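Structural overview for review
Single-letter residue listing:
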Amino acid sequence: MSRKCAITGKGPMVGNNVSHANNKTKRRFMPNLRTVRVMLEDGTTRKIRVAASTLRTMKKQSK
């Protein structure tokens, strides 16, 4: 299972760890994925992995 949001497609980003001595080493920023149950049109439920930021946006849109 990939580390991607099922709705937005948000995945890992790359960057640098920067030490106090300004040494740079590669690192990855992982998305904050949550497993959520979603009701489909035919009435069945399915678990999908969604980013927490996406859930927040969805909650905001439903108001």
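Notes on the structure follow. (Residues numbered from 1 in each chain as written. Predicted model: local features only at pLDDT ≥ 70, side-chain atom pairs only at ≥ 80, totals over all residues. Heavy atoms only, no water.)

Description of the overall build of the protein chain
Of regular secondary structure, the protein chain possesses one helix and four strands. Counting from the amino terminus, helix and strand elements in the protein chain follow one another as β-β-β-β-α. Over its C-alpha atoms, taken along the principal directions, the protein chain stretches across nearly 55 × 30 × 15 Å. Among the 63 residues that make up the protein chain, the fraction classed as buried is 13%. Restricting to contacts in the protein chain with at least 6 residues of sequence separation, those with at least 24 account for 27%. (Helix = DSSP H or I, 4+ residues; strand = E, 2+ residues; numbered from the N terminus. Buried < 20%, exposed > 50% of the residue type's maximum accessible area, 1.4 Å probe, protein only. Contact = heavy atoms within 4.5 Å.)

Things to note about the side chain of Thr54
By secondary structure assignment, the location of Thr54 is in helix H1 (residues 52–62). In contact with Thr54, other than residues within four places in its own chain, are Cys5, Ile7 and Thr8.

Some points on the pairing of strand S4 (residues 45–51)
On a regular strand, each side chain points to the face opposite its neighbour's, so the side chains alternate between the two faces of the sheet. Note that strand S3 (residues 33–39) and S4 share seven bridges and pair antiparallel. Looking across to S4, one finds that Thr35 is bridged to Arg49. As consecutive antiparallel partners, S3 and S4 are separated by five residues, and within that stretch Gly43 has a phi angle of approximately 95°, a positive value. (Pairing = 2+ DSSP bridges.)

Describing the environment of Ile48
Structurally, Ile48 is set in strand S4. C-alpha separation for the pair Ile48 and Asn17, spaced 31 residues apart in sequence, amounts to 31 Å. With residues up to four places along the chain from it excluded, the contact list for Ile48 reads Ala6, Ile7, Arg34, Thr35, Val36 and Val38.

What to know about the environment of Arg37
Among the secondary structure elements, Arg37 is positioned in strand S3. Sequence separation between Arg37 and Thr8 is 29 residues; the distance between their C-alpha atoms is 16 Å. Beyond its immediate stretch of four places on either side in the chain, Arg37 contacts Arg46 and Lys47.

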